[in-house]
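Analysis of the macromolecular model
Here's the letter readout for the chains.
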Amino acid sequence: GQNIDQPTEMTATEGAIVQINCTYQTSGFNGLFWYQQHAGEAPTFLSYNVLDGLEEKGRFSSFLSRSKGYSYLLLKELQMKDSASYLCAVRAGGGNKLTFGTGTQLKVEL
Amino acid sequence: DGGITQSPKYLFRKEGQNVTLSCEQNLNHDAMYWYRQDPGQGLRLIYYSQIVNDFQKGDIAEGYSVSREKKESFPLTVTSAQKNPTAFYLCASSVYDRAEGYTFGSGTRLTVV
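So, here's what we can say about the structure. Note that this is a predicted model, so its numbers are computed, not measured.

A closer look at the overall build of chain A
The helix and strand inventory of chain A stands at zero helices and 11 strands. From first element to last, N terminus to C terminus, chain A shows the α and β order β-β-β-β-β-β-β-β-β-β-β. The globule rule puts the C-alpha radius of gyration for 110 residues at 13 Å, and the 13 Å found for chain A is close to it. When its C-alpha atoms are laid out on the principal axes, chain A stretches across 45 × 30 × 20 Å. Counting only residues that meet the buried cut, chain A has 48% of its 110 residues in that class. In chain A, once contacts between residues fewer than 6 apart in sequence are set aside, the share between residues at least 24 apart is 55%. Looking at chain A, you have 9 positive and 10 negative side-chain charges, and the mean spots of the two groups are 7 Å apart.

Here it is as structure tokens:
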């Protein structure tokens, strides 16, 4: 099976930077995804890592270390609209089936 | 515009009833998935299908059934055997075995009354 861990909640200040960590244990690792989910809505895709290193996309960056089973999502210049749940998901083995972590609820304050 | 549509948005079920949640996509995606989300929890996989006329159980398939008669459609039936069906149900689709994420539907919130 797979085990994915994320912090349950985080709070940050508007304009600041926040890092959301995700650790995982799996065999046959084949990619890690980050999704953003606002309350009552569907998750939306943020980033994808399959090789070690940093992927940058605007205010959002995601890092992966396969040897450590570790990823983080970095959000810069936080805005109030970034208040949401951030889901880490791992793909393993063949196919495209994802296993999701429980999500990190981020609250951005003034 | 291509996308994935779930209906209804809200659904109420009486004890002992079966209900069917609809999921339709026009993205020409091979694979489709059903997840369940409970408050404060992540998404848990119920069933998935990688090709028409074939589907596999996910981690929490008990009390649910699916069919995949058409590429575009992957309906989920919540049966009376599912003892705790109140949850937010999400359908997703993807290109099979490719380096892409899912496209999600907008979800169906099912409540047992």
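Brief notes about the side chain of A:Ser65
Tracing the backbone shows A:Ser65 in strand β7 (residues 60-65). Not counting residues within four places of it along the chain, the set of residues in contact with A:Ser65 comprises A:Tyr24, A:Asp52 and A:Tyr70.

Focus on the sheet that holds strand β1 (residues 3-5) of chain A
All names here are of chain A. Spatially, β1-β3-β8-β7-β6 is the arrangement adopted by the five strands of the open sheet, whose pairing is antiparallel. If you trace the sheet from one side to the other, it starts and ends with β1 and β6 (53-57), each paired once. Strand-to-strand twist across the sheet, computed as the mean angle between neighbouring axes with direction ignored, equals 15°. Where β7 meets strand β8 (residues 70-75), six bridges bridge the pair, whose relative direction is antiparallel.

Some remarks on the interface of chain A and chain B
Residue-level contacts link 20 residues of chain A with 25 residues of chain B. Taken over both partners, the interface formed by chain A and chain B buries close to 1600 Å², and the fraction arising from carbon and sulfur atoms is 56%. Area buried by chain A at its contact with chain B is led by A:Asn96, A:Lys97 and A:Phe100, which between them contribute 33% of it. Here the side of chain A that touches chain B gets four residues from one element, more than from any other, and that element is strand β4 (residues 29-37) of chain A. Of the residues belonging to the side of chain A that touches chain B, the class tally is nine nonpolar, eight polar and three charged.

Side note on the pairing of strand β3 (residues 19-25) of chain B
Across a regular strand the side chains alternate sides, sitting on one face of the sheet and then on the other. Residues and elements named next belong to chain B. Here β3 shows one buried face, formed by Val19, Leu21, Cys23 and Gln25, and one open face, formed by Thr20, Ser22 and Glu24. Judged from the three bridges that link them, β3 and strand β8 (residues 76-78) form a sheet pairing that is antiparallel. When the bridges of β8 are listed, Leu21 appears paired with Leu76.

Some points on the sheet that holds β8(B)
Working definition: the strands of a sheet are paired by backbone hydrogen bonds and lie parallel or antiparallel to each other. Residue and element names in this part refer to chain B. Strand order across the open sheet formed by four strands is β1-β3-β8-β7, with antiparallel pairing between neighbours. Each edge of the open sheet carries a strand with a single partner, namely β1 (4-7) and β7 (64-66). Strand after strand, the sheet turns through a mean of 20° between neighbouring axes, direction not considered.

Cut-offs and rules
- Residues numbered from 1 in each chain as written.
- Chains lettered and ligands numbered in written order.
- Predicted model: local features only at pLDDT ≥ 70, side-chain atom pairs only at ≥ 80, totals over all residues.
- Heavy atoms only, no water.
- Helix = DSSP H or I, 4+ residues; strand = E, 2+ residues; numbered from the N terminus.
- Rg over C-alpha atoms; globule rule 2.2 N^0.38 Å.
- Buried < 20%, exposed > 50% of the residue type's maximum accessible area, 1.4 Å probe, protein only.
- Contact = heavy atoms within 4.5 Å.
- Lys, Arg positive; Asp, Glu negative; His and termini not counted.
- Charge placed at Lys NZ, Arg CZ, Asp CG, Glu CD.
- Pairing = 2+ DSSP bridges.
- Axes fitted to C-alpha atoms, helices over the stretch in contact; angles between N-to-C directions.
- Buried area = accessible area lost by both parts, 1.4 Å probe.
- Nonpolar A, V, L, I, M, F, W, Y, C, P; charged D, E, K, R; others polar.

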